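# Observations on the model geometry
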Amino acid sequence: MAASRTRSLVGSSGGLSRRELLRAALVGAGGVALGGALAGCATPSAAGAGKTSVMVWDLFSGGDGALMQEMAGVVAAANPDIAVETTTLAWGPPYYTKLAMASSGGRPPEAAVMHMSRLAGYAPGGLLEPFDLDALAELGITEADFAPAVWQKAQFEGQLYALPLDTHPYIAFHNPDIVQQAGLAGPDGKLDLAAVAGADRFLEAGRAMAEVTGETGVSWGYQRDPAGCWRMFWGLYSQNGGGYELTPGRPAALDEEAATEVFEFLQAMVDGKVAAKNQDGNAASGRFMSNRTGLMFAGEWDLPMFQGANPDVGATQFPAIFDTPANYADSHAFVLPKQGTPDPARREATYRVLAGLLKEGLTWASAGHIPAYQPIVQEPAYQELTPQRDYAPAAEVAVFDPDAWFTGGGSDFQTRMADAMTDTLAGKAPARTAVTRMLSEMDRFLSQPNPA
Amino acid sequence: MTVSNAGVTAPPGRALSDLRKPSGRSGTRTASTGKSLRERDRSGYLFVAPFAVATGLFLLLPTLYGLWMSFTNQSLTGTGSEFIGFANYAEAFSDPQVWTTLWHTVWFTVLSTVPLVVVALVMALLVHTGLPGQWVWRMSFFAPYLLTSAVVSALSSWLFQPDIGLLDTWFTALGLQPVGWLTDENVAMFSIAGVTVWWTVGFNFLLYLAALQGIPQQQYEAATIDGAGGWRRLFSITLPQLRNITGVIVVLQLLASLKVFDQIYLLTAGGPNGSTRPILEYVYDTGFTNYRLGYASAISYVFFALILVFTLVRLLPSRKEA
Amino acid sequence: MSVAELVADRRTRAQQERAENRALTKLTIGPSPWVRVGALAALVVLAAIWLLPVAWGAVTSFKHEAEAALPASWWPTTGWTLEAYQQVLGNSDLLIWMWNSLVVAGLVTILTVLISAMAAFAFSQTVFKGRGLLQWLTIASIMMPGQILIVPLFRQMQVMGLVDTFAGIVLPQVVAPVMVFILKRFFDAIPSELLDAARIDGAGTWRLFWTIVLPLSRSILVAVAIFVFIGAWNNFLWPFIVTTDPQFMTLPVGLSTVKNAYGVQYAQNMASAMIAALPLLVVFMLFQRRIVQGVATTGMGGQ
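Right, let's walk through the structure included here. (Residues numbered from 1 in each chain as written. Chains lettered and ligands numbered in written order. Predicted model: local features only at pLDDT ≥ 70, side-chain atom pairs only at ≥ 80, totals over all residues. Heavy atoms only, no water.)

## A short note on the overall build of chain B
- Looking only at helices and strands, chain B features 16 helices and zero strands.
- A buried classification covers 57% of the 322 residues belonging to chain B.
- A separation threshold of at least 6 residues defines the contact pool for chain B, and within that pool the share at least 24 residues apart is 61%.
- Roughly 13,100 Å² of accessible area belongs to chain B as shown, and the carbon and sulfur atoms make up 66% of that amount. (Helix = DSSP H or I, 4+ residues; strand = E, 2+ residues; numbered from the N terminus. Buried < 20%, exposed > 50% of the residue type's maximum accessible area, 1.4 Å probe, protein only. Contact = heavy atoms within 4.5 Å. Areas by Shrake-Rupley, 256 points an atom, 1.4 Å probe, with all protein chains shown as cover.)

Following this line, the structure appears as structure tokens:
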């Protein structure tokens, strides 16, 4: 196997990567300095000489990142000739910017996680390499292992550019105790979706939970969380039957009536009673976890964090606020950033690592995600996971981001859309203002050339 | 600043250091040539070489390269390096984001510079009273300057944290409405300016303190004998003596504030609703997040031109004083 | 000197200082006790405000994670803990970034001081063809804010293969024309008789520089070095642009780019911040006088 790359003035030597060397040395020194308080914490990876190191970048800074590390550990154990390293970078535009800069710089990580919705901004620019289907098949990964729609989304110009990892819907978590006391539980003690269906009934339910907690009923943090704003809007807008037209060079079109209704509902929800005003994601989770709200809108990836605070936390698909069944979702996938100096041995190792990670899907499912690799989904062990199975129906009505080069998870587009909503959500502008502003921002994107 | 205008006033071709040498400094001359030993030392270029090479490679070259890029449609993905003339500049001048972010930069500069000068002066005057605890005061005022931007943003966003942050907790306890420190468009820039003052005022404070220590004590003694009270002495001796240093601090501060990026990027990433995004972040967003390196270069040069004009304008009057 | 003597020496110096300060107080604000109390109160309030964010961060860093996420309280009900520090040191690359920062800031400082001093010496004490032009160019480059060069410089680093290398982080930071001029002003004041005497003795220019000029300028060199070091240690934008591999990130870049995989952890965030803040604060406490002096002289451009 190839030796580690030498990347700098102070390069790596003798197979041990710089990181491992330094960490061992420094943590050791730090441990001594702190009177041995940290002696047990130094965990230099067991990488010996001659290992091929495979670096995987991800953006899982929720609890799911820890599970990705766990999976990487299992894969590393099964492939003793490979040193697998995962790094979690700050979510959103910073992540995608760094990834693009690394790819264009020629020294990117061997593999990276990407939202499938972002593929359109990366594959055309030559920042990614397509997967070799034969090499994947040798590792037991074929088209038949994925849902056709998902496999289709992973293609670009007839080639596979993304290896789908999961589908992750934006769902509703609930605190069973509070839900029960508020009279919203079904016979199984969990949230009864019928009790929160319809805008009015949902708001009613929110007030009922607020009575129980003495504070607010629902947690939704939208401040400083552009993605959260967009997920909420796009999911509800789809429930309200809204369509879209985003064609470059032409003005954007939305169903303005449907969109306005969505904002009217959100304004009614963020009234300081049903849900707190001016809340950001962290504060919203904090309230939910400290039993100060009964229901929380969040991505299913927050499940491990919520379970840490309350093992009985419940989860369901997004309540049917409007009439059309729909649930916002996106999909994580592995991609291969373009290497400046491709190394066949390293590439082969990378394929093995990614295949291994896919097959650890059960662990990934415990992070809340719905695995894309179908053999896992069909395992009885997966079928029994709760609350995962309670929100599994979300995947059947999943709506994804609109198709355009500028849209997608953690994109500048999401930030602009969220900005356009700010005043309306804060109650400083009428519902329609958000719609008008969003349309004009969309027009701006459509008038720009695709830079990739 | 005499440092820089020395060069402007020097006649071309003549070593400007000669003009600045203390008088009577002719050097030892040898009978044979009439030239000083110093003038016969021809190895100077070897000493200048490392600096010249570094400047050429990492300042001059990118400056010219960037200028070239600004006339192309180069993308981060490597495509498109055709010459497209002034198209980028035409776009920049009609791009409202350029002017908005430029305005944010100027607004931040105004918001931060005034307190950064005034608070520093107040701190220095208070510490210069010689009251007990000198070490503590210096330490508390200057220490934040030693923190890196990431630490500053971590500490302040924790302070500003909605709902469970210290400030919101205090506000709630006092029965006041919580403030959207970093989330309210009308407040965020003030919060950032406040953080900046907290972070960097220590530097100006030290400059003022050094200047105060340079005021001859006899002046105070004379004034005391004349019966001037504390306030009188402050206004008739101290403040007038600080006029020059204040000028220096204001200029240094303006130039530093115009280049703001770190704390804004880390605290709000330009939000909420783009209301705090400075022009340097727009350059970063355009070039790296949206791949448009060529256009980003053009925006950089528009910004550079403005800084240059500002710098030259401030140089001209000081040239007369020199 | 024995320890006792040292202590005694310290004590006399402290006494002297106190006496000077008392005299200063009398001169600046006069004898009125009310003014004195007022000024002292103002100082206390200001210092409290300035210490508050760090104090609050420190308190948080010693709390249990669950407690940190509750509404603010200074005194934790579930007790103090080192948990956050253990987590941060064990699970993140914090110490690697710290090491990188140290190496980067150290290299930047050494190289900047060296090449600036050499150039300043050449401008001040030697004559060579094109010196005037070079000096003029140096002055002109003072006006060039490096921040606007991030785009072309990143491209250039890609071409030179320096992205994600220490060379790529360090080299663009060593160009400091202002420092050249600060040092030149200082070197200008070195009596030329001294240098000429050495020249007559046959000393080469390099020896002149190394054995006479540098030792004579130790104080200004230290001042410049301190200033450059603080700047390099805290520099964010350039290292942020030129590093994409977390293993080569400096402290501020790593802290803000790489996240932990366990969700938002307030206590751990604060623990990281405290650890990151510590080195320079400790250095400052040890060398306060020197640093204050260095920043003041260099900051004013050597005026």
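From this point, things continue past the structure.
## Brief notes about the interface of chain B and chain A
- Listed as interface residues are 26 residues of chain B and, on the opposing side, 28 residues of chain A.
- Our enumeration of links across chain B and chain A arrives at one salt bridge.
- Between the two partners, chain B and chain A, sit six residue pairs in polar contact (both at pLDDT 80 or more).
- Counting residues per element, the side of chain B that touches chain A draws most heavily on helix α15 (residues 279–289) of chain B, at three residues.
- A per-class count over the side of chain B that touches chain A returns 10 nonpolar, 11 polar and five charged. (Salt bridge = Lys/Arg side-chain N within 4 Å of Asp/Glu carboxyl O. Polar contact = N/O pair within 3.5 Å; in protein donor to acceptor, adjacent residues only side chain to side chain. Nonpolar A, V, L, I, M, F, W, Y, C, P; charged D, E, K, R; others polar.)

## Describing the interface of chain B and chain C
- Between chain B and chain C, the contact holds 116 residues from the first and 114 residues from the second.
- Counting each side, the surface lost to burial between chain B and chain C is near 10,500 Å², with a carbon and sulfur contribution of 75%.
- Applying the counting criterion to the chain B and chain C interface returns zero salt bridges.
- The interface formed by chain B and chain C contains nine residue pairs in polar contact (both at pLDDT 80 or more). (Buried area = accessible area lost by both parts, 1.4 Å probe.)

## Some details on the layout of surface pockets
- Each pocket or cavity is described by its volume, and for the second largest pocket that value is around 1,500 Å³.
- At the level of elements, α7 (134–142), α10 (188–213) and α11 (217–225) of chain B together with α1 (3–29), α15 (266–286) and α16 (288–299) of chain C are the ones that each hand at least two residues to the lining of the second largest pocket.
- Top element by residues in the lining of the second largest pocket is α1(C). It accounts for 13 residues.
- Class assignment of the residues belonging to the lining of the second largest pocket gives a composition of 19 nonpolar, 12 polar and 11 charged. (1 Å grid on protein atoms, 1.4 Å probe; cavity = no way out; pocket = protein on both sides within 12 Å on 5 of 7 lines; lining within 4 Å. Points joined across faces, edges and corners; volume = space filled by probe spheres on them.)

## Digging into the packing of aromatic side chains
Residue and element names in this part refer to chain B.
- Within this structure, the stated rule accounts for 69 aromatic pairs over all chains.
- Arranged with centres 6.0 Å apart and planes meeting at 25 degrees, the rings of F71 and F83 form a pair that is stacked. Of this pair, F71 sits in the loop between α4 (44–69) and α5 (87–94) while F83 is found in the loop between α4 and α5, placing the two residues 12 residues apart along the sequence.
- You can call F71 buried: its relative accessible area is 16%.
- The class of F83 is exposed, set by a relative accessible area of 53%.
- Pairing W107 with F190 gives two aromatic rings, centres 5.9 Å apart and planes at 85 degrees, and the pair type is edge-to-face. (Phe/Tyr/Trp six-rings, centres within 6.5 Å; stacked < 30°, edge-to-face > 60°.)

## Focus on the pairing of strand β15 (residues 332–337) of chain A
Residue and element names in this part refer to chain A.
- Most of β15 is tucked away: six of the six residues are buried.
- Bridge count between strand β3 (residues 111–115) and β15: four bridges; the pairing is antiparallel. From the neighbouring strand, M114 faces β15, where its bridge partner is A333.
- Judged from the two bridges that link them, strand β4 (residues 128–129) and β15 form a sheet pairing that is antiparallel. Within β15, the residue paired with L128 across the bridge is P337.
- Bridge count for strand β7 (residues 163–164) against β15 is two bridges, and the pairing is antiparallel. Opposite P164, over in β15, you have A333 as the bridge partner. (Pairing = 2+ DSSP bridges.)

## Regarding unusual backbone geometry
Residues and elements named next belong to chain A.
- P387 follows T386 through a cis peptide bond whose omega is 0 degrees.
- Within the element layout of this structure, P387 appears in the loop between α16 (380–383) and α17 (388–391).
- With a phi angle near 45 degrees, E157 is a residue other than glycine that sits in the positive phi range.
- Position of E157 among the secondary structure elements: in the loop between β5 (155–156) and β6 (159–160).

## Comments concerning the side chain of D95(B)
- Of note, D95(B) is situated in the loop between α5 and α6 (96–127).
- No salt bridge is formed by the buried D95(B); the nearest opposite charge belongs to R444(A), separated by 5.8 Å.
- Reaching out from D95(B), the side chain makes a polar contact with the side chain of Y282(B) at a distance of 2.5 Å.
- Look past the residues within four positions of D95(B) in its chain and what remains in contact with it is Y282(B) and Y295(B). (Lys, Arg positive; Asp, Glu negative; His and termini not counted.)

## Observations regarding the pairing of β3(A)
All names here are of chain A.
- Counted residue by residue, β3 has five buried out of five residues, so it is predominantly covered.
- The alternating pattern of β3 places A111, V113 and H115 and A112 and M114 on opposite faces, both of which are buried.
- Bridge analysis of strand β1 (residues 52–58) against β3 gives two bridges, and the strand direction is parallel. Counted as the bridge partner of W57 is A112 from β3.

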